[in-house]
Amino acid sequence: MKTSRVWPLALLLLGALSPQAAQSCSRVLSNSNGQAVVVGRTMDLYLDDQAALVLRPRGLEAGGLVSASVANAKRWRVKHGSVGVMSVGTVLADGLNERGLNVNLLYLSGSDYGSPSSGKPVISNLRMAEFVLDQFATVEEAIAGLAQVQVVSDRILDRDWGLHLSLADRSGRSAVVEFIAGRMVVHQGNQTRVMTNEPPLAWQLNNLKRYRPFGGDLPLPGDVDPASRFVRASTFLSTLPKASSAAEAEANLYGVMKNVAVPAGAEDYSGGQAEDSWVTLWTVIANLDEGSYAFQLARNPYPIWVELKRLNFGGGGAMRRLDVQSPELTGDVSERLNRS
């Protein structure tokens, strides 16, 4: 396996420069289960991100950068209310808006956003998820909207973060947006139902062909690095049966997510050079049809969830935030988030 993990030199160099600063995650879309469009996502990180559940109401002012200010920073007001997970205090890492658009922000080592010289309004890569959720209702709208701004790398936790994002909407459409060699690269269709981290998606899809049941003869890998997680997620997704209910579709996808989660204390024995093989902190299951959003901390055996139809997205005002760190917090927390 070691010789098969030869990745682009730029990615290896970046990994050598920051071997312990990474955010790794897995995202899986189940859109052919016969019941609902469901997205699962794990957050893996080298430190506790102190995740919080947040509600972004319509009319909320948003935009700009995280670590600096520029004259042409993009500003906007929230058009579509959403619920999501705020990571490290200021980055919306995941979310679902009231129109059924889901966005997942994941780490991608070696991302290159290019020079901010296009004259377009500038947004931070750390703000991409909230920009998309706030402004757009479909994957198609989101891709068009992202093409109208200049995404720039921004700093948090004393470093720049390479990030890519995945999108899905209520129709079952999916896309992965990456920034490679200074330009935005968009992948669409069912080939984008799984996303992990580096290398970029094109490499992951080509690597997948070496494994069963995708035309190759290699057995299922068991490591926690991004390439192995991509193969496992793709394999288990391809074998999921049709569901008899939306709840069953969610439960089946949660089974896939548990198979790509990284347990506490796990080590990467793949022989690859990935810098992002870190413990899973939390998992989200989003039902885009029914508008439900379930969240579970890895250290808490009991999930919490919200039903978007029960949330108050009107009235503008401030973003509402619910501390999810308490082990006593369980079940439907929609009303608690409304009051927070």
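First, a word on scope: everything that follows refers to the structure included in this document. Each chain has its residues counted from 1, running along the sequence as written. The model is predicted, so local features are restricted to residues of pLDDT at least 70 and side-chain atom pairs to those at 80 or more, both for listing and for counting; the totals for chains, interfaces and linings are taken over all residues. Side-chain measures here rest on the full set of heavy atoms in the structure, leaving out hydrogens and waters.

In the sections that follow, a salt bridge refers to a side-chain nitrogen of Lys or Arg positioned within 4 Å of a carboxyl oxygen of Asp or Glu. Applying the stated criterion across every chain yields a total of 11 salt bridges. Note that Asp94 is salt-bridged to Arg41, the shortest N-O span being 3.1 Å. In this pair, Asp94 is assigned in strand E7 (residues 91-97) and Arg41 in strand E2 (residues 38-45), connecting sequence segments 53 residues apart. Relative accessible area decides the class of each residue, using a 1.4 Å probe on protein chains only: under 20% of the type maximum gives buried, over 50% gives exposed, and in between gives partly exposed. Judged by its relative accessible area of 0%, Asp94 is buried. Arg77 is paired through a salt bridge with Glu61; the nearest N and O atoms lie 2.7 Å apart. One end of the pair, Arg77, is in strand E5 (residues 75-77); the other, Glu61, is in strand E4 (residues 61-63), and 16 residues separate them in sequence. Several salt bridges share partner residues, and in doing so they unite Arg56, Arg127, Glu130 and Asp134 into one network. Each helix corresponds to a stretch of at least 4 residues labelled H or I by DSSP, and each strand to a stretch of at least 2 residues labelled E; elements are numbered beginning at the N terminus.

For the rest of this paragraph, the subject is the packing of helix H4 (residues 201-208) against helix H5 (residues 226-238). Across the interface, H4 lies against H5 with an axial gap of 10 Å and an inter-helix angle of 60°. Classified by the interaxial angle, the pair formed by H4 and H5 is oblique. At the point where H4 passes H5, the crossing takes the right-handed sense. Of the residues in H5, those in contact with Leu201, Trp203, Gln204, Leu205, Asn207 and Leu208 of H4 are Pro226, Ala227, Phe230, Val231 and Ser234. Following the grouping adopted for this structure description, the nonpolar residues are Ala, Val, Leu, Ile, Met, Phe, Trp, Tyr, Cys and Pro, the charged ones are Asp, Glu, Lys and Arg, and the polar ones are all others, Gly among them. A class-by-class count of the residues in the contact of H4 with H5 yields 8 nonpolar, 3 polar and no charged. Here an axis means a line fitted to C-alpha atoms, over the contact stretch when the element is a helix, while the angle between two N-to-C directions is reported on a 0 to 180 degree scale. In what follows, roughly perpendicular refers to angles from 65 to 115 degrees, roughly parallel to angles under 35, roughly antiparallel to angles over 145, and oblique to any angle outside these ranges. Left-handed describes a crossing whose near helix is turned anticlockwise from the far helix by less than a right angle; the clockwise case is right-handed. Contacts are assigned to residue pairs that have any heavy atoms within 4.5 Å of one another.

This part is about the nonpolar core. Nonpolar core, defined: a set of buried Ala, Val, Leu, Ile, Met, Phe, Trp, Tyr and Cys residues in which side-chain atoms within 4.5 Å join the residues together. If you look at the biggest cluster of nonpolar residues, it comprises 87 residues, and the most contacted ones within it are Leu53, Val132, Leu167, Trp282 and Tyr293. At 6 residues, helix H6 (residues 246-260) tops the list of elements feeding residues into this core. Apart from residues lying up to four places away in sequence, Leu167 is in contact with Arg27, Asn102, Val103, Val132, Val139, Ala142, Ile143, Arg173, Ser174, Ala175 and Val177.

Before going further, it helps to spend a moment on the pairing of strand E20 (residues 320-323). Covered by surrounding structure in E20 are Arg320 and Leu322 only, the residues Arg321 and Asp323 on the alternate face being uncovered. By this definition, two strands are paired if DSSP reports at least two bridges between them. Of the pairings in the sheet, the one linking strand E3 (residues 52-56) to E20 comprises 4 bridges and is antiparallel in character. For Ala52, the partnering residue across the bridge sits in E20 and is Asp323.

Remark: H5 packs on H6, axes separated minimally by 9 Å, with the N-to-C direction vectors making an angle of 160°. Overall, the two elements H5 and H6 adopt an arrangement that is roughly antiparallel. Between H5 and H6 lies a crossing whose hand is right-handed. Residues Arg229, Arg232, Ala233, Phe236 and Leu237 of H5 pack against Val256, Asn259 and Val260 of H6. Looking at the contact of H5 with H6 residue by residue, the class counts come to 5 nonpolar, 1 polar and 2 charged.

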